[in-house]
Amino acid sequence: MNDLGIPRKRVALISTGGTIEKTYNQLTGILHNQYSVLDVMLSDMELRGVEIVRVPLMNHDSAEMTERDHTLIAQTAGSMSQAHDGVVIVHGTDTLPITGEKIVDLLGTPEVPIVLTGAMRPFMVKNTDSMQNLVEALLAVQILDPGVYVAMHNHVLQFPGVIKDRDRGTFVRAD
């Protein structure tokens, strides 16, 4: 229970890497996936309504993910959905739609909401969208009906049929 007497939701937070977790290496001058920054992000949030169960699965740039990686993420989301009230997956935006579709293909409609999110700009840089997107995903997973979604930039879209609009830097319906 939270301090208002409301039952807390148990949410599995699966981290896979992506831009949201990129860090700057000052020796090489390159942003890359070296270590997860999610614990730092979570420590800055008021999380009275949820109990976060961290699941550090991988830390890859999604452009380098393989079919095996997408399948592993989908399978992990499926197993986590069996023991939690919802699942949030932090994922790189380049191939996030592939994983969303893979989850739908493997699970159909899960018994709880599964919400993917990421960022166009890393947490470690100015003007990042990462904190907003993570907060939106954590809220969305608590109120959405069972299904597979992406939550970013003040929008929630349901899979299947979500694509990345590279010109606008966000996700849209493929319709």
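Everything in this summary refers to the structure shown in the same document. Bear in mind the structure is a predicted one, so any value in this text is a computation, not a measurement.

Cut-offs and rules
- Residues numbered from 1 in each chain as written.
- Predicted model: local features only at pLDDT ≥ 70, side-chain atom pairs only at ≥ 80, totals over all residues.
- Heavy atoms only, no water.
- Pairing = 2+ DSSP bridges.
- Helix = DSSP H or I, 4+ residues; strand = E, 2+ residues; numbered from the N terminus.
- Axes fitted to C-alpha atoms, helices over the stretch in contact; angles between N-to-C directions.
- Expected span 1.5 Å × (residues − 1).
- Buried < 20%, exposed > 50% of the residue type's maximum accessible area, 1.4 Å probe, protein only.

1. Side note on the sheet that holds strand β7 (residues 147–152)
A sheet is described by the order of its strands in space; here six strands give the open sequence β4-β1-β5-β6-β7-β8, paired in mixed fashion. At either end of the open sheet lies a strand with only one pairing partner, and these are β4 (50–60) and β8 (155–158). Sheet twist, expressed as the average angle between the axes of neighbouring strands with direction ignored, equals 20°. Across four bridges, strand β6 (residues 113–117) lies against β7 in parallel orientation. Looking at the pairing, V115 lines up with Y149 of β7.

2. Notes on helix α3 (residues 96–107)
With twelve residues, α3 extends 16 Å from end C-alpha to end C-alpha; this agrees with the ideal 16 Å at 1.5 Å per step. Of all the positions in α3, only L96, P97, T99, G100, K102, I103 and V104 are classed as buried. Among the residues trailing α3, G108 stands out with phi positive, at a value near 65°.

3. Here we look at unusual backbone geometry
Of note, the amide linkage connecting F159 to P160 takes the cis form, showing an omega dihedral of 5°. Position of P160 relative to the elements: it lies in the loop between β8 and β9 (162–165). Even without glycine at this site, H153 takes up a positive phi of about 55°. For N154, which is not a glycine, the phi torsion comes out positive at approximately 70°. By the secondary structure assignment, N154 is in the loop between β7 and β8. Residue classification places N154 among the exposed residues on the basis of a relative accessible area of 63%.

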